[in-house]
Each structure stands twice: as structure tokens, then as C-alpha cells.
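Residue-level listing of the chains:
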Amino acid sequence: MSSSLHNNLREVFGCDAIDSCFCKELFFEQIVYFLQTSNLTSQLATLVEECNCLVSISTINLYHTLDDDNDLLRLLCLFIKLIGNLNDELNAYVGSILDSSLESIINDNRIMNDVQCLVTSVLGSLKCENLLQPLWHSYLCLELESAEMDTEESNIFSSIVCPNITDKKMQILLSARNLTHNHSLVNWNHLYRHLCAPYIKEALTYRTKLLCSENYAERFLDSIIKYKNCVLKKVLIPRLFSRKSDIHDINSELSDEIVYKTFYLVHKPDMFSLVIEYPDSVAALMDLGKCLDNLPIRQDLITHLTEEVSYPIFCCCHFTVNMNLLLLKCKCLIYLPL
């Protein structure tokens, strides 16, 4: 804690101690009390109830683009406004305690982070976190759509998920980003941080399925890795988070291995068809061979191919390309017993 902020708090709470000063703890207790008694908290609960009363919510695909008139976007607008109002009220309350501007807190990174984490913890204790998940996902969906639209040259999925950021969507995004990047005490990205990486992985899986399922004639793996690096890591994540440590942590979860696993799992149900339909499937098999080089899935592949048939059969495939996928470079002979 900076000396100026510390001295200010000591004056407010009448703390004379030096070695065991408790003014910071008292300050945090004041913030908790404010959050727990704010009428905005009850408004948040009401919003949660409305969100989960939507009959259609379970049918909304939050990994695809959303229309402007989607009910979730309407509720997301209300949610962002509510969080913004809560931030404004908290700013005013903290300012009244310190009898000064918020600069002394904003300029103290450690205290600022402690306050933001405290706010997140209190809001999380309302037990509405899971119920708000559709709203968080709808926001992440908008940010992903925006990132894809702004990096069209790196977006291999543009033909199947067409981004269309309208004025209404952009207004929602700008309002949310204002709570992320402008030193807000109620920090927007602290509230959804734990959902970010899982959502991105599911969205990547969804897009890969749409693009690659039953499409064996084209190679997609390198382009998907480029999408992951250029769209997700370079554009999307920095928009979602303001702190470099958060950006680094989330990006570290989006390794090439994620793409290899996703690609393999998408094609796994079609594996036997890929083998049978060679050479028409050579492109997909070459991509899967690269996955095999980077993942410990060889035994899983053998087991899966064996289970694909229920009668004795010799599957003999003669290849002229590197087929690590089928365990030999030029040809593969697999005996599939009963």
C-alpha cells in the first residue's frame, strides 16, 4: 500500500498502530458492507431470475452468431448497465470514505487488484454465478464474432460462421470494454475470467465440427492453428483482459495441442470411413497424421478402429503418402477380430 493511501486510511479509521495496522482490513469491510446492502444487488438477483425464466434459453446456440433481437442480448445490455451503475456507486462510496478522488487507489496496483478481487468474491457469494453463465457466454460470443470480423484473412471458419457486428452489437461491446480497460473497481473481466478458456475451447470445437465433419478432401489443420494464434490469442484475448498476466495465463491454455485434440476428436467418429475412402480422404488423413505425431493417441486410434466393425475383416490400405496415422508409412494391414 502506498504511504499516501495508508496515511489517508489511518486518518479515516483513527488507527495509531504502526506494526499491526488494521486500517486496510477496515476499509475492505466497508466495501463488503456497501456491496451487500446496495439495492443494485437485489436488482442483480431480479435480472438473474428473468434470465433463467426464458423458455428458449436452452435452445440458443451461444457458439454461433447471435441476432440483434436475441433476448440474451437484451438482458446482457441490462446486465452491463447494472454493473456500470454498481461501479459508479462504489466509486462514489469509496471516494466519500477517503474524502478524495480514487487516484490513490487506482495508482496502487496491489490495492486496486485486492479491491477488484474482493468485489468479485462478494458478487460471487450471491450464488447466481451459474445462473448468469448464459449472459457471460453471450458476451464472449459477441467478442469472438468481433475478433473474427476484424481478422477475416486469418479466419478459416468465415464461410460457415459469418460474423456480422451491427451497431447495436458494437455498442454492447464498447460498454463492456469500458468496464474492462478503464480501471473499474467492479472489474468486468474478473467476473467471467474462469469461463473464458472453456468457452473458447468449446467454440473452437463447434467451428471445427462444422468445417471438417464429412469433409475429407481438404487440409484444415494448419489454418485452424493460424486462426487460434491470430484471431484468438492476438485479438480476442487482449480485448477480454487488461492485465498482461491474465492475457498470458489464458493464452497459455490455448496451445497447438488444443487444436490437435479438437481435430482428432472431431474426426474420430469417422475414422473408419476415412480409411475406407482413401485416396479421396488423403488430405484429412495427412492432417490426422500430424495430430498423431503430437498426441499420445496411437493406442486409442487402434482400439477405435478395431471397435468400428463387428465381424472379421482385413482392411488393407495402400498409400503413397506418409500415413503415420495408420502406423506404417506406405501401407497398413489391420486385422480386426470378432
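Residues numbered from 1 in each chain as written. Predicted model: local features only at pLDDT ≥ 70, side-chain atom pairs only at ≥ 80, totals over all residues. Heavy atoms only, no water.

I keep staring at the nonpolar core and nothing clicks. Help me out?
Within soluble globular proteins, side chains that are nonpolar generally end up buried alongside one another. Residues Leu76, Phe79 and Trp188 are the most contacted members of the largest nonpolar core, which totals 101 residues. Structurally, this core is a two-domain feature, drawing no fewer than three residues from each of domain 1 (3-254) and domain 2 (267-334). Setting aside anything within four residues of it in sequence, one finds Phe79 in contact with Leu44, Leu47, Leu132, Leu135, Trp136 and Trp188. (Core = buried A, V, L, I, M, F, W, Y, C linked by side-chain atoms within 4.5 Å. Buried < 20%, exposed > 50% of the residue type's maximum accessible area, 1.4 Å probe, protein only. Domains from an automatic or database assignment. Contact = heavy atoms within 4.5 Å.)

Explain helix H2 (residues 23-37) to me, please; I cannot follow it from the model alone.
An α-helix turns once per 3.6 residues; consequently, residues spaced three or four apart project the same way. Taking 1.5 Å per residue as the helical rise, H2 with its 15 residues ought to reach 21 Å, and the 21 Å between its terminal C-alpha atoms agrees with that figure. Among the residues making up H2, those that are buried are Cys23, Phe27, Phe28, Ile31, Phe34 and Leu35. The arc that holds every buried residue of H2, seen down its axis, measures 140°, which confines them to one face. Relative to its buried face, H2 has exposed residues pointing more than 90 degrees away, namely Glu29, Tyr33 and Gln36. (Helix = DSSP H or I, 4+ residues; strand = E, 2+ residues; numbered from the N terminus. Expected span 1.5 Å × (residues − 1). Arc of directions from axis to C-beta.)

Looking at this structure, how should I read the packing of helix H10 (residues 221-240) against helix H11 (residues 244-252)?
Two packed helices can be described by the angle between their axes and the distance between those axes. Where H10 contacts H11, the axes come no closer than 10 Å and their chain directions differ by 135°. As the angle between them shows, H10 and H11 are arranged oblique. Two packed elements cross with a definite hand, and for H10 against H11 that hand is right-handed. Residues Lys233, Ile237 and Pro238 of H10 pack against Ile247, Ile250 and Asn251 of H11. Tallied by class, residues from the contact of H10 with H11 come to four nonpolar, one polar and one charged. (Axes fitted to C-alpha atoms, helices over the stretch in contact; angles between N-to-C directions. Parallel < 35°, antiparallel > 145°, perpendicular 65-115°, else oblique. Left-handed = near helix turned anticlockwise from the far one by under 90°. Nonpolar A, V, L, I, M, F, W, Y, C, P; charged D, E, K, R; others polar.)

For this particular structure, what's the right way to read the side chain of Glu148?
Structurally, the position occupied by Glu148 is in helix H7 (residues 133-150). Setting aside residues no more than four positions away along its own chain, Glu148 makes contact with Asn155, Val161, Pro163, Arg207, Tyr227 and Val231.

Looking at this structure, how should I read the pattern of salt bridges?
Once their charged atoms are close, side chains differing in charge can pair, the charge on each being opposite to the other. Evaluation of the coordinates by the stated rule reveals 14 salt bridges. In this structure, Arg219 engages Asp287 in a salt bridge whose closest nitrogen and oxygen atoms are separated by 3.0 Å. Here Asp287 lies in helix H14 (residues 282-294) and Arg219 lies in the loop between helix H9 (188-212) and H10, a separation of 68 residues in the sequence. When its relative accessible area of 42% is taken as the criterion, Arg219 is described as partly exposed. Of the residues examined, Asp287 reaches a relative accessible area of 1% and is grouped as buried. With a closest N to O distance of 2.7 Å, Lys290 and Asp222 form a salt bridge. Of this pair, Lys290 sits in helix H14 while Asp222 sits in helix H10, and the two are 68 residues apart along the sequence. If you follow the salt bridges from partner to partner, you end up with Arg193, Arg243, Asp246 and Asp249 in one network. (Salt bridge = Lys/Arg side-chain N within 4 Å of Asp/Glu carboxyl O.)

How do you make sense of the environment of Ile156 when you look at a structure like this?
You can see Ile156 is positioned in the loop between H7 and helix H8 (167-181). Exposure remark for Ile156: the relative accessible area of 24% places this residue in the partly exposed category. Setting aside chain neighbours within four positions, we find Ile156 in contact with Leu211, Phe220, Ser223, Ile224 and Tyr227.

How do you make sense of H7 when you look at a structure like this?
Under the 1.5 Å per step criterion, the end-to-end length of H7 is 26 Å for 18 residues, consistent within 8% with the ideal 26 Å. Across the 18 residues of H7, 15 count as buried, placing the element largely inside the fold.

Would you mind showing me how to read the packing of aromatic side chains here?
Aromatic ring pairs are reported here in terms of the distance separating the ring centres and the angle at which the planes meet. Counted by the stated rule, this structure contains 13 aromatic pairs. A centroid spacing of 5.6 Å and a plane angle of 55° characterise the contact between Trp136 and Tyr192, whose relative ring orientation is tilted. Highlighted residues: Trp136 in helix H7 and Tyr192 in helix H9, separated in sequence by 56 residues. Per residue, the accessibility class of Trp136 equals that of Tyr192, and both read buried. Three or more aromatic residues joined by ring pairs form one cluster here, namely Phe79, Trp136, Tyr139, Trp188, Tyr192 and Phe241. (Phe/Tyr/Trp six-rings, centres within 6.5 Å; stacked < 30°, edge-to-face > 60°.)

Could you clarify how one ought to interpret the confidence of the model for the protein in this entry?
Low pLDDT marks regions whose predicted coordinates should not be analysed in detail. Averaged over the protein, the pLDDT score is 81; the fraction of residues at 70 or greater is 80%. When mean pLDDT is compared element by element in the protein, H10 scores highest at 96, while strand E2 (residues 331-336) scores lowest at 32. Predicted confidence is poor over residues 310-338, with pLDDT under 50, and the contacts of this stretch with residues over four places away or in other chains come to 60 contacts. (pLDDT = per-residue confidence, 0-100.)

Even after reading the chapter, I still don't get the environment of Lys228, so can you show me in this structure?
Within the fold, Lys228 resides in helix H10. For Lys228, a relative accessible area of 3% gives the class buried. Spatially, the C-alpha atoms of Lys228 and Lys201 are 10.0 Å apart, while their sequence positions differ by 27 residues. At 2.8 Å, the side chain of Lys228 and the side chain of Asn229 are in polar contact. (Polar contact = N/O pair within 3.5 Å; in protein donor to acceptor, adjacent residues only side chain to side chain.)

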